[in-house]
Amino acid sequence: MNWRTVRAIAKKDLLEVRQNRIAIWSILGVSALFSVGIPLLIGLLPFDTGPSGGDLGPLEALTALMPAAHQDLPIGARIVVLMLGYFLAPLFLMIPLMVTAIVGAESFVGERERRTLEGLLYIPADDLDLYAGKVVAGAVPAILATALNFSAYAVVVNLVSAPLVGGFWFPTPTALVLAAWIGPAIALLGVSGSVLVSTRVETFLEANQLTGMLSMLIVAMVVGQGTGLLVLSLPVLLLFGIVIYAVDIVLVRLGAALFSRDRLMARA
Amino acid sequence: MTAAIAVDGLARAFGPVQAVDGVSFQVEPGEVFGLLGPNGAGKTTLIRLLAGVLLPTAGSARVLGLDPTREGPAVRQRCGVLTEMPAVYERLSARQNLWFAAEVFDVPVPEVTRRVDHLLGEFGLGERADEPVGGFSKGMKQRLAIARALVHNPEVLFLDEPTAGLDPVASRQVHDLVDTIREEGRTVVLCTHRLVEAEALCDRVGVLSRGRLAALGTVRELGERLLAASPVTLTFLEPPGEAVVRAIAGVRGVSIEGVLGRSIEIAAPEDESIAGAIQVAVATGGRLIAAGRREHTLEEVYFALQGDVT
Ligand SMILES: Nc1ncnc2c1ncn2[C@@H]1O[C@H](COP(=O)(O)OP(=O)(O)OP(=O)(O)O)[C@@H](O)[C@H]1O
Ligand SMILES: [Mg+2]
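Given the structure is predicted, the values throughout are model-derived calculations rather than measurements. (Residues numbered from 1 in each chain as written. Chains lettered and ligands numbered in written order. Predicted model: local features only at pLDDT ≥ 70, side-chain atom pairs only at ≥ 80, totals over all residues. Heavy atoms only, no water.)

Visitor: Mind showing me how you'd approach the interface of chain A and chain B here?
Guide: The partner chain B presents 33 residues to the 29 residues of chain A that form the contact. Interface area for chain A against chain B, summed over the two sides, is near 2,700 Å², with a carbon-plus-sulfur share of 61%. Of all residues in chain A, Arg4(A), Tyr122(A) and Pro124(A) give up the largest surface area on contact with chain B, accounting jointly for 31% of the area buried on that side. In this assembly, chain A and chain B are joined by 4 salt bridges. Residues Asp106(B) and Arg4(A) are paired through a salt bridge, measuring 2.9 Å at the closest nitrogen-oxygen approach. Linking chain A to chain B there are 11 residue pairs in polar contact (both at pLDDT 80 or more). Counting residues per element, the ones that place at least two in the side of chain A that touches chain B are α1 (3-18), α8 (117-121) and α13 (261-267) of chain A. Considering every element that reaches the side of chain A that touches chain B, the biggest residue donor is α1(A), with 9 residues. (Contact = heavy atoms within 4.5 Å. Buried area = accessible area lost by both parts, 1.4 Å probe. Salt bridge = Lys/Arg side-chain N within 4 Å of Asp/Glu carboxyl O. Polar contact = N/O pair within 3.5 Å; in protein donor to acceptor, adjacent residues only side chain to side chain. Helix = DSSP H or I, 4+ residues; strand = E, 2+ residues; numbered from the N terminus.)

Given below as structure tokens:
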């Protein structure tokens, strides 16, 4: 692997994204909404702090997922913990997906649309390094953005809910696993998927349909959890991550195997 | 010395289309070699094959002794390519474009800054080096694209229509650059539709037609091979008299093509008969001031070839 080339391609793609105002503002906007806006809003809702314990009705099963220390909290506090710590956390996975979709658009499809792809194919790097450059260019910023957003979310959540919960409590183990284990897996899924697709499709729009499909998966997770159909316990999350990484490996290898200058050139 | 580029029976098909169809030729080191041919003749495809970004369906090629199919990275490391559509990153500055190229072409790290600055200066881009390239004129973009193709000091340079769409001044700048590049001893393959450009810049030309090499040689060789010897014009101080014309017509191997004012145009394939014609013209009182055979232009050669193959 020629890391200098991989790094140069990644850096170039990011420089191009940086010049794209719409891309930058959508990333910043969505990030601010997820990491600051929503937790702030929920934390500031006037939940009653009532007596300890109490039945959560249909959501009572979820109380079992919470750390022991939280299980006795008043209903209002438990609802806040469940919402911020459990229901909304999977939405985080939208961040890596969004970033890979936007950076991926600058990848092969973007280069083809702007007619710079041919020039890129004349660099000495062999096909595998060229492919790796594009994958790294997409994955690294997505993972960084996830980490940053998660940190910001943690700070906001703790600040707004500490009075209610009685101290700093986030991240919960499941949220941490979600961000640190599933997040990168999803980032890789988005990247390998979008590079794979973007070497075969003609336009930006088609490339983004795939990421659209992947976000449905996440929405399904959020809804599933909210309705109690899917319980994102630690073992479930760990297993889920293993499955996504397995799919990642298949997609990355498939992409590498299918990636060829000749094929890209013949379609150019 | 071994050839810089050696092509042997090279072919590439796209489905039913034979874009390049059994082409063979060699380019010597330091030579400026022109590739001519109508739209769709296969010039761009040939360059792509030589740089190893397309794979041949038949035949083989050697570039600097390397096989582009199996040793693509090594070939590209030593070749620069100016693509038909100047592929500069419009959102990046000229400096960032060159910097990117220097990185991916593995220019030694301590040299990158100097190399980039040198090219910006040499190509007249220094003053606007840090503006996004999107705002540059076509000529400036083209100069940047050529600078980028040179960033790793390549031994072979492929230029695909380097003056397409440029105004005469910008074209002239590109021509001057090609001259400089030739003086630096690099081998250049130049695709162009501009016959005057090929004539001025190229040592030899190859003419492609429907993927095949229809002709190969210097412009003069091609003219001699493909066209009847061009006429010789004898020019007199005043319109020549009847006697002069009759005397010239009488020389063996000479026929009169036309008499126009002060000149007589004769067809005389052999130089021997021209000497004869000049002698009798002077002997019969013609006050001859000039005699010369016009060289064939590449344009005549080109059209003769197109007539041949279409
Ligand atoms: N990727 C491709 N897919 C299908 N056909 C192609 C492809 N590239 C080139 N061709 C066909 O191959 C032939 C040669 O094309 P090429 O671009 O090499 O010609 P050219 O001499 O460079 O033409 P121009 O002067 O217009 O640039 C044409 O008929 C073209 O349509
Ligand atoms: Mg062409």
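Visitor: How should I be thinking about empty space enclosed by the protein in this particular structure?
Guide: Once rolled over the atoms, a probe with the size of a water molecule shows which space is left empty. What the rule picks out here adds up to 7 cavities of 30 Å³ or more. In this structure, the largest cavity occupies an estimated 160 Å³ of space. If you go around the largest cavity, you meet 20 residues; those closest to its centre are Gly119(A), Tyr122(A), Val81(B), Phe105(B) and Arg148(B). Only α8 of chain A together with β5 (79-82), α3 (94-104) and α5 (138-149) of chain B provide two or more residues apiece to the lining of the largest cavity. A per-element tally of the lining of the largest cavity places β5(B) first, with 4 residues. Here the residues of the lining of the largest cavity are counted per class, giving 15 nonpolar, 4 polar and 1 charged. (1 Å grid on protein atoms, 1.4 Å probe; cavity = no way out; pocket = protein on both sides within 12 Å on 5 of 7 lines; lining within 4 Å. Points joined across faces, edges and corners; volume = space filled by probe spheres on them. Nonpolar A, V, L, I, M, F, W, Y, C, P; charged D, E, K, R; others polar.)

Visitor: Before we go on, may I ask you to explain the sheet that holds strand β3 (residues 32-36) of chain B in this structure?
Guide: Two modes of strand pairing occur in sheets, parallel and antiparallel, and in both the strands are linked by backbone hydrogen bonds. All names here are of chain B. Spatial strand order, β5-β6-β7-β3-β8-β9: 6 strands in an open sheet with mixed pairing. Looking at the sheet topology across the chains shown, the edges are occupied by β5 and β9 (212-217). For this sheet the average axis-to-axis angle between neighbouring strands, irrespective of direction, equals 15°. Inspection of the sheet shows β3 paired to strand β8 (residues 204-209) by 4 bridges, in the parallel sense. If you follow Leu 36 over to β8, its bridge partner there is Val 207. Of the strands in this sheet, β3, β5, β6 (156-160), β7 (187-191) and β8 touch helix α1 (residues 43-50), which is tilted by about 155° from β6. Against the sheet, α5 contacts β5 and β6, and its axis sits at roughly 165° relative to β5. (Pairing = 2+ DSSP bridges. Axes fitted to C-alpha atoms, helices over the stretch in contact; angles between N-to-C directions.)

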